[in-house]
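# Structure at a glance
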Amino acid sequence: MKVITREEMRALEARSIAAGISEDKLVCTAADGAMRVLGPMMLSRFRRMVVLAGTGNNASDAFRMAADSPIETLVLTSIQADGYHGTPLRFLEAARAAGVEIRFAKQPEGGYLPGDIIVDGLLGIGFNGGDLRPNIAAMAAIANASGVPIVSVDVPSGLDSNTGKAAKDAIAASMTIVLGYPKAGLFSGDGPAHCGRMRFVPIPVPPPETCCFEAYTALDAALKLPKPTFDVHKKSRGRVCVCAGSDLYAGAAVLCCHGAMRAGAGYVKLVGHRIPNLAACIVCTDNLEKAMEDSDVIVAGPGWGPGKSNMLQTILNAGKPTVLDADALNAICEAPDSFSGRADIILTPHYGEAARLAKAFGVTLSGDRMNDSIKLSATLGCVVSLKGHGTVTSHPNGRCVTNTSGDAMLATAGTGDVLSGIIGALMANGMEPFEAATLGVFCHGRAAESCDGIPIADDIPELTGKFMRRLAESGEF
């Protein structure tokens, strides 16, 4: 999905209105989509929704959401109700007619309780830096200090949607429901720290002609997810050769293989190890050449340990689509002159591994994930998924995509091993390497988000499979 500026978003909305789509229609589509995201969560987890409404267009969305709320709802406004005009006033009156209490927050106080959820509609994309007005700042500060979840509409209030610079007391959201197309400031500067999880709601505007970069969302995933026909068999669903693990790191091989199976591979062979807790459906073999010959994709590196340069060269010489992770990346660094990249090779480094690759190939990293991913991909001639919050996947042709899923729960040992298996399975199912990497990263992130508790790496394969099944059957966004 294209990432744009606020000026471009306003231009798209203006074009829609000029084409005959009313402003009310845009508001209803946006707010109703937001409530489809929040509704099931509210009914199962919350007792009251508190909506914070400002003076701009976001107030219209906030009032419409209040009117549609399935639970008790209170609206706190930053101005007196008689200060609203035009579209916001119409939606305020509709909310009041639906029985919603609307209260002017003249002197904002606490009063938030466990079981509340806050919807932030104070400021939208129009905020372009500087200080918040005192009443807005007070409402935002109290919300931030409340300890209850905050869901921002389109952009957290007080965050510049172009630059990502946050004002003092800007809302720190648990989730941001993005309307239309994502704005550049959500991914830069203070944006990632203030947005929380992101969900995306389409609205009836034309596609943008230009963009700052791309972001990968559930809307993209639903379009790209492989959907096997009913007459497939295990080998036609994709065969993955996993070359992973060692006596010290046997678990890495287990995680990688299970990630591949849960992501839809029909057949997985693990080379070199027979591990007791490996799923019974996974075949173990010592014959690397035969395993590679019989497979569509090779995944190599998790848990290898050092000194695997010769094995890596054997794998690369097979000429198969390949995912290289962990110690396979270190093996590249041991002999950079012998590495010849290809666009059907995917590298999945975290920043430490990226730094070693950069040093080996004479690349200067800046600390900007997008620029660094692009540099590594262009220099090594491979698809690169530079992992971390907002994983960036880059193609040697310069295309790059920022991921929008995942949270801090992925920052635990072994989750990267699972990811390499997931990506390998998607490639084995016929996806192009770049598309397999972006989809794999997204599904891996949403798997962690879907866990009821704190997941460990062992949980991620099954959670990934469940999310992919839901996505295929219902287009879960």
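Residues numbered from 1 in each chain as written. Predicted model: local features only at pLDDT ≥ 70, side-chain atom pairs only at ≥ 80, totals over all residues. Heavy atoms only, no water.

### Quick word on the sheet that holds strand β9 (residues 213-216)
How we decide: What makes two strands pair is DSSP finding at least two bridges between them. Counting from the N terminus, the helices are the DSSP runs of H or I reaching at least four residues and the strands are the DSSP runs of E reaching at least two.
The 11 strands are arranged β1-β9-β18-β17-β16-β15-β14-β13-β10-β11-β12 in an open sheet whose pairing can be described as mixed. Two strands in the sheet have a free side with no partner beyond their single neighbour: β1 (2-3) and β12 (283-285).

### Observations concerning the pattern of salt bridges
Rules: Here a salt bridge means any side-chain nitrogen of Lys or Arg lying within 4 Å of a carboxyl oxygen belonging to Asp or Glu. Burial here depends on accessible area, computed with a 1.4 Å probe over protein chains only, as a share of the maximum for the residue type. Under 20% is buried, over 50% is exposed, and the range in between is partly exposed.
Per the counting criterion, the structure on display carries 23 salt bridges. Between Arg64 and Asp68 there is a salt bridge, with the nearest N and O atoms lying 3.3 Å from each other. One end of the pair is Arg64 and the other is Asp68, both in helix α3 (residues 58-68) and 4 residues apart, which spans about a single turn. The class for Asp68 is partly exposed, based on a relative accessible area of 33%. One salt bridge in this structure joins Asp325 and Lys387, with 3.3 Å as the shortest N-O distance.

### Some words on the packing of helix α8 (residues 250-262) against helix α14 (residues 415-428)
Formally: Here an axis means a line fitted to C-alpha atoms, over the contact stretch when the element is a helix, while the angle between two N-to-C directions is reported on a 0 to 180 degree scale. By definition, any crossing whose near helix is turned counterclockwise from its far helix by less than a right angle is left-handed, and any crossing with a clockwise turn is right-handed. The contact definition used throughout considers only heavy atoms, calling two residues in contact when any of these lie within 4.5 Å. Under the convention adopted here, Pro, Cys and the residues Ala, Val, Leu, Ile, Met, Phe, Trp and Tyr are nonpolar, Asp, Glu, Lys and Arg are charged, and Gly plus all remaining residues are polar.
Interhelical geometry of α8 versus α14 gives an angle of 35 degrees and a closest axis separation of 7 Å. For the pair α8 and α14, the sense of crossing is right-handed. Only Asp417, Val418, Ser420, Gly421, Ile422 and Ala425 of α14 make contact with α8, whose side of the interface consists of Ala252, Leu255, Cys256, Gly259 and Ala260. A breakdown of the residues in the contact of α8 with α14 according to their chemical character gives 7 nonpolar, 3 polar and 1 charged.

### Thoughts on the environment of Ala215
Tracing the sequence through the fold places Ala215 in strand β9. Note on Ala215: relative accessible area 1%, which makes it buried. Beyond its immediate chain neighbours, meaning those up to four positions away, Ala215 contacts Met1, Val3, Pro182, Phe187, Asp220, Val401, Thr402 and Thr404.

### Observations concerning the packing of α14 against helix α16 (residues 460-474)
Rules: Working definition: roughly parallel below 35 degrees, roughly antiparallel above 145 degrees, roughly perpendicular at 65 to 115 degrees, and oblique for all remaining angles.
At a minimum axis distance of 10 Å, the contact between α14 and α16 shows a crossing angle of 40 degrees. Between α14 and α16, the angle falls in the class oblique. Where α14 crosses over α16, the handedness of that crossing is right-handed. Along its contact with α14, which presents Thr415, Val418, Ile422 and Leu426, the element α16 presents Ile460, Pro461, Thr464 and Met468. Tallied by class, the residues present in the contact of α14 with α16 amount to 6 nonpolar, 2 polar and no charged.

### So, the pairing of strand β13 (residues 297-300)
Along any regular strand, the residues point their side chains to alternate faces of the sheet. Under the convention used in this document: Crossovers are described as right-handed under a simple rule: with the strands pointing away from the observer, the path leading from the first strand over the helix to the second runs clockwise.
On β13, burial covers both faces: Val297 and Val299 on one face and Ile298 and Ala300 on the other are all buried. Where strand β10 (residues 239-243) lies against β13, 4 bridges are found, and the strand directions are parallel. Paired with Cys241 across the two strands is Ile298, which belongs to β13. As judged from the 3 bridges shared by β13 and strand β14 (residues 322-324), these two strands associate in the parallel manner. Looking across to β14, one finds that Ile298 is bridged to Thr322. The parallel pair β13 and β14 is bridged by helix α10 (residues 309-317), and the resulting crossover is right-handed.

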